[in-house]
Every structure is written in C-alpha cells, then in structure tokens.
Amino acid sequence: VQRCFLMPGCTETLDWLRERGVKMAVATSNSQEVAKHILESRGIRHYFSTVVGRRPELRMKPYPDQILRCLEKIGVSPRNSIVVGDSARDVRAAKAANMFVIAIPAHFTKREVLEEAGADMILESMEELPEILSGLMQPKG
C-alpha cells in the first residue's frame, strides 16, 4: 500500500471525467479489500462506481474477466468503453475483451512492452488524457 502513488494529474483527470458523466470502474490484481483501502486512502474511491479486485471466480489479467465484470456492473458494453492501464497485463486484458486501450506507463513499465502488448495509444502522462479523450468522445459525423 505504501508503494502506491497517484500519477501526476490523476485527481484533475478524474474530476474532468466525472464532470462529463463518464462511468468509471477499477479492475485490479489487488484483493478487493486492499484495492478499496488504497483508493480510499488516496481520496479517490468516490470516483469509481465499482471496484473489481482479485476473486477466485475471475481469472486474473491478462484474461478479460475482471474488466468484463466491471462493465457488467456499470452497464456499459466493451465497444462503448475505453480501458486506461499502466501494464502489459492491462493492455492484453482489454484487447482480449475487444476494447480500445490507452496505456500510460508507470515507473515500472517500459513503453516498448506496452506497444508489444497491443496498446492503441500510449501517453506520456495522465495529464494528456483529457485532451485525447475529448477527441475520442466527439460524435462521428
């Protein structure tokens, strides 16, 4: 828990998403209890409609089970969703669910690994996300 830090721009990006009515959920390899504790201790739990942690009935990433359970709980289809992740497992799980995935490397992740995993976009920081999502959320016409 002590090693978990928010990326620069995280809270501002979450505010931006919430202001636009974007439904958000967390799929994590941590246990349900640890995940909720981390989110609460960092002051961001309230942004997420649901948190799906490690559970015996769900296969772990790179399988899509956790992500699909999140989508089921918030009532959103994979084709109308975007996964934002920081690891190759996140990217592979999202691609296994046929989802668009934006990767933002954390201090432990190399860009090349995210590219090889199949990320649709790789950003340098969380602070870039609102601009990118603005473009992706524009109605096609």
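To keep things clear, this report deals only with the structure shown in the data block. (Residues numbered from 1 in each chain as written. Predicted model: local features only at pLDDT ≥ 70, side-chain atom pairs only at ≥ 80, totals over all residues. Heavy atoms only, no water.)

So, on to the pairing of strand β2 (residues 50-54). Consecutive residues of a regular strand have side chains that alternate between opposite faces of the sheet. With 4 of 5 residues buried, β2 is to be regarded as a mostly interior element. When strand β1 (residues 25-31) meets β2, the two strands line up parallel, connected through 4 bridges. Bridging from a neighbouring strand, A25 pairs with T50 of β2. (Buried < 20%, exposed > 50% of the residue type's maximum accessible area, 1.4 Å probe, protein only. Helix = DSSP H or I, 4+ residues; strand = E, 2+ residues; numbered from the N terminus. Pairing = 2+ DSSP bridges.)

Our next topic: the side chain of T13. With respect to the helices and strands, the residue T13 is situated in helix α1 (residues 10-19). For T13, the side chain forms a polar contact with the main-chain oxygen of G9, separated by 2.9 Å. (Polar contact = N/O pair within 3.5 Å; in protein donor to acceptor, adjacent residues only side chain to side chain.)

Now for the sheet that holds strand β4 (residues 100-103). Read across the sheet, 3 strands follow the order β3-β4-β5 without closing on themselves; strand pairing throughout is parallel. A strand with exactly one partner marks an edge of an open sheet, and here the two such strands are β3 (82-85) and β5 (121-122). In terms of strand pairing, β3 meets β4 through 4 bridges, oriented parallel. Within β4, the residue paired with V83 across the bridge is V101. Contacting β3, β4 and β5, helix α6 (residues 129-137) runs over the sheet at an angle of about 160° to β4. (Contact = heavy atoms within 4.5 Å. Axes fitted to C-alpha atoms, helices over the stretch in contact; angles between N-to-C directions.)

Scope: geometric values only; no functional claims are made or implied.
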